[in-house]
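A look at the structure
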Amino acid sequence: MSEPWVGAAFLIVSFVVAQILVVAMHVQTTRMWAGISEVQLARDLYREFYDRDKNYLKVANAIEGCQTLYKSDGGKFSHLQINEYLGFFSDLGLFRDRGLLSDELIGHFFGAFIVEAYEYPELKTYISRIRKNFEQPEAFEDFEKIAKAVESDPRFARLADFAQTMCAEKPEGN
């Protein structure tokens, strides 16, 4: 009478072990696909940022050259173009908050651009004006969150220090 119970117990234990293995493989596969999806999203965003039809690189180069940005202040870029630039980084912050992009990938692909934009005096003034004039106190909050996260990364500490002063004494004519 013990043989049927041994056989049944073996089948039950085998079934439980098999289910545990299935769940473990599912979890591992899900994590792997999440990682692949994260990298794909980062690469898609990278391609968008470097797209020649967009103005992102033009704005970034103007920042690095300490040039005036906003057309109303004598620069080359419209309100929409500056909003798109800052909005791109705000989107990164949103994706980060939702767990879709890690700090590591955001820093790798966009960290220097984020730090330079965040520390750029004209953009700080621009954001303040948007918040005040359009009564949007939360405007570009996700941009600020992601910038602070990037600046807290030791890889960007020197750049953050430099960016705070790189355009402090703006050359004449820019």
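Each value, and the rule that gives it
- Residues numbered from 1 in each chain as written.
- Predicted model: local features only at pLDDT ≥ 70, side-chain atom pairs only at ≥ 80, totals over all residues.
- Heavy atoms only, no water.
- Disulfide = S-S within 2.5 Å.
- Helix = DSSP H or I, 4+ residues; strand = E, 2+ residues; numbered from the N terminus.
- Buried < 20%, exposed > 50% of the residue type's maximum accessible area, 1.4 Å probe, protein only.
- Arc of directions from axis to C-beta.
- Phe/Tyr/Trp six-rings, centres within 6.5 Å; stacked < 30°, edge-to-face > 60°.
- Lys NZ or Arg CZ within 6 Å of the ring centre and 35° of its normal.

This paragraph deals with the state of the cysteines. Counted under the stated rule, the structure contains 1 disulfide. Between the sulfur atoms of Cys66 and its disulfide mate Cys167 the distance is 2.0 Å. Between Cys66 and Cys167 the disulfide shows an S-S torsion of about -80°. By sign, it is left-handed. Residue Cys66 is found in the loop between α2 (56-64) and α3 (79-97), and its partner Cys167 is found in the segment after α7 (157-163); the two are separated by 101 residues along the sequence. What makes Cys167 buried here is its relative accessible area of 8%.

A separate point is α2. Among all positions in α2, only Tyr56, Val59, Ala60, Ala62 and Ile63 are buried. Taken down its axis, α2 places every buried residue within 160° of arc, on the same side.

Below, the discussion takes up the packing of aromatic side chains. Scanning the model with the defined rule gives 19 aromatic pairs in all. On the basis of an interplanar angle of 75° and a centroid distance of 4.9 Å, the ring pair of Tyr85 and Phe89 is categorised as edge-to-face. Of this pair, Tyr85 and Phe89 both sit in helix α3, 4 residues apart, which is roughly one turn of the helix. A single burial state applies to Tyr85 and to Phe89, both of which are buried. Aromatic pair Phe88 and Phe89: ring centres 5.8 Å apart, planes at 80°, arrangement edge-to-face. Comparing Phe88 with Phe89 shows no difference in burial state: the two are buried. The ring centre of Tyr118 lies 5.4 Å from the NZ or CZ of Lys124, which sits over that ring.

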